[in-house]
Amino acid sequence: MQVVKAISDIRALRQKLSGTVGFVPTMGFLHEGHLALVKRAKAENSTAIVSIYVNPTQFGPREDFGAYPRDLDRDLELLRKGGADIVFVPSDGEMYPAEFSSWVDVEKVTERLEGASRPGHFRGVATVVAKLFNIVQPTRAYFGQKDAQQVVVIKRMVADLNMNLEVVVVPTVRESDGLA
Ligand code: PAF
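Every chain is numbered on its own, with residues counted from 1 as its sequence reads. Local features are withheld for residues below a pLDDT of 70 in this predicted model, meaning they are given only at 70 or higher, and side-chain atom pairs are given and counted only at 80 or more; totals for whole chains, interfaces and linings count all residues. Note that the side-chain values use all heavy atoms of the structure and ignore hydrogens as well as water.

Observations regarding the overall build of the protein chain
Next up, step 1: Segments assigned H or I by DSSP are reported as helices when at least four residues long, segments assigned E as strands when at least two residues long, and all are numbered from the N terminus. Within the protein chain one finds 7 helices and 6 strands.
Next up, step 2: In this setup the radius of gyration rests on C-alpha atoms only. A globule is expected at 2.2 Å times the number of residues raised to 0.38. Taken over the C-alpha trace, the protein chain has a radius of gyration of 16 Å; the compact-globule value for 180 residues is 16 Å, and the two agree within 12%.
Next up, step 3: Its C-alpha atoms give the protein chain principal-axis dimensions of roughly 45 × 40 × 30 Å.
Next up, step 4: Three labels apply to residues, based on accessible area from a 1.4 Å probe with only protein chains included: buried if under 20% of the type maximum, exposed if over 50%, partly exposed otherwise in between. Counting the 180 residues in the protein chain, one finds 43% classified as buried.
Next up, step 5: Taking all contacts inside the protein chain whose residues are at least 6 apart in sequence as the whole, residues at least 24 apart take part in 81%.
Next up, step 6: Here the Shrake-Rupley method, with its probe set to 1.4 Å, supplies the accessible areas, and only the displayed protein chains count as covering residues. When the accessible surface of the protein chain is summed, it comes to about 9,700 Å², and 49% of that surface belongs to carbon and sulfur atoms.
Next up, step 7: Only four residue types enter the charge count, namely Lys and Arg as positive and Asp and Glu as negative; His and the chain termini do not. Positions of charges follow a simple convention, taking NZ of Lys, CZ of Arg, CG of Asp or CD of Glu. Distance between charge centres in the protein chain, computed from 22 positive and 22 negative side chains, equals 4 Å. Note on contacts: a residue pair is in contact if any heavy atoms of the two residues lie within 4.5 Å.

Structure, rendered in C-alpha cells:
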C-alpha cells in the first residue's frame, strides 16, 4: 500500500494505472462502514484508492473542526488490512491554498434536512469531493447510504457537472444492536 501526500504525486501515480480505479473519500477515523466501501471498491476495480482528509470547509463556525477525531496510524493499518492500494492524505495548504476562491454550490437538494441545520456544510462537501474527483480521476466512487442526503448531493453534482464517473452507493453496515 502506498501513502501519498502531494497532489502532484497522486496524479503521477494515477497516470501510470491501467484498468479501473475505485475511490473512497473519507475523513479518517475509520470504522466498519468505511472498510465495507473499501472492500467493494477493491472487488469491483483494478485499484482501490482511499483519501483521508478532514475537510475544514464542511464544518460550520460553531462546529468543532479541531475536535474531529484523528488517528492516521490506526487508519493506515486498517486500510492495509482492508486491501487499499493507495491512500491519499493531502494537507490543508495543498487543498485550500491562500488564494482559493472557487466553490461548488448544489442548490435545491441541499435546502432541507441536514442542509437546513448546517448552512454551508454541503457546499464544503461538494467542493472537496469535486476537487478529489478531479485529482484522483476515479472510474467509480463509493459512498455509504447512511449519509443519504450527501449521496443525493454528490449524485446531483456528478450529473450536473458531467463528471465522468459512476457513484456507487453501499448499504449501511449495522452493529448487532442496529447502530449504523
Ligand atoms: O462523508 C464524509 O466522510 C465526508 O463528507 C467526505 C465525503 C469524505 C467529504 O469530506
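On we go.
A few points about the site of the ligand
Next up, step 1: Taken together, the neighbourhood of the ligand is formed by Pro25, Thr26, Met27, Asn55, Gln58, Val128, Val129, Phe143 and Gln150.
Next up, step 2: Within 3.5 Å is the distance limit for a polar contact, defined as a pair of N or O atoms, with the added protein rule that one can donate a hydrogen and the other accept it, and that residues adjacent in sequence qualify only through two side-chain atoms. Taking Gln58, its side chain carries an N or O atom lying 2.6 Å from an oxygen atom of the ligand.
Next up, step 3: In the environment of the ligand, an oxygen atom lies 2.7 Å from a nitrogen or oxygen atom belonging to the side chain of Gln150.
Next up, step 4: Sorting the residues of the shell around the ligand by element identifies strand E2 (21-26) and helix H6 (121-136) as the ones contributing at least two each.
Next up, step 5: Side-chain classes are defined by residue name, with Ala, Val, Leu, Ile, Met, Phe, Trp, Tyr, Cys and Pro counting as nonpolar, Asp, Glu, Lys and Arg as charged, and the others, Gly among them, as polar. Counted by class, the shell around the ligand contains 5 nonpolar, 4 polar and no charged residues. Put simply, a residue is near a molecule or strand once any heavy atom of it comes within 4 Å of that molecule or strand.

Observations regarding the layout of surface pockets
Next up, step 1: With a 1 Å grid laid over protein atoms only, a set of points is called a cavity when a 1.4 Å probe fits there but cannot get out and a pocket when it is open yet has protein on both sides within 12 Å along at least five of seven lines; lining residues have an atom within 4 Å of a point. Grid points are joined across faces, edges and corners, and a volume is the space filled by probe spheres set on the points. Space inside the largest pocket adds up to approximately 960 Å³.
Next up, step 2: Lining the largest pocket are 41 residues, with His31, His34, Lys146, Asp147 and Gln150 sitting closest to its centre.
Next up, step 3: Those elements that place two or more of their residues in the lining of the largest pocket are E2, helix H2 (32-44), H6 and strand E5 (140-144).
Next up, step 4: It is H6 that provides the largest number of residues to the lining of the largest pocket, a total of 6 residues.
Next up, step 5: Within the lining of the largest pocket, the residues separate by chemical class into 20 nonpolar, 13 polar and 8 charged.
Next up, step 6: Roughly 210 Å³ of internal volume is contained in the second largest pocket.
Next up, step 7: Lining the second largest pocket are 16 residues, with Ile52, Tyr53, Val54, Arg70 and Val89 sitting closest to its centre.

Quick look at the pairing of strand E6 (residues 166-170)
Each regular strand displays side chains that alternate between the two surfaces of the sheet.
Next up, step 1: Strands pair, by our definition, only if DSSP identifies at least two bridges between them. Sheet analysis places E5 next to E6, joined by 5 bridges and oriented parallel. Across the sheet, Ala141 pairs through a bridge with Val167, a residue of E6.
Next up, step 2: Whether a crossover is right-handed depends on one test, that the path from the first strand over the helix to the second runs clockwise when the strands point away from the viewer. Between the parallel pair E5 and E6, the chain is carried across by helix H7 (residues 148-160), and the sense of this crossover is right-handed.

Brief notes about the pattern of salt bridges
Next up, step 1: Any carboxyl oxygen of Asp or Glu that lies within 4 Å of a side-chain nitrogen of Lys or Arg is treated as forming a salt bridge with it. Evaluation of the coordinates by the stated rule reveals 9 salt bridges.
Next up, step 2: Linking Glu77 and Arg80 is a salt bridge whose minimum nitrogen-to-oxygen distance equals 3.1 Å. With Glu77 and Arg80 both in helix H3 (residues 72-82) and 3 residues apart, the pair spans about one turn of that helix.
Next up, step 3: The partly exposed category is assigned to Glu77, whose relative accessible area is 35%.
Next up, step 4: Where Glu114 meets Arg118, a salt bridge forms, and the shortest distance between an N and an O atom there is 2.6 Å.

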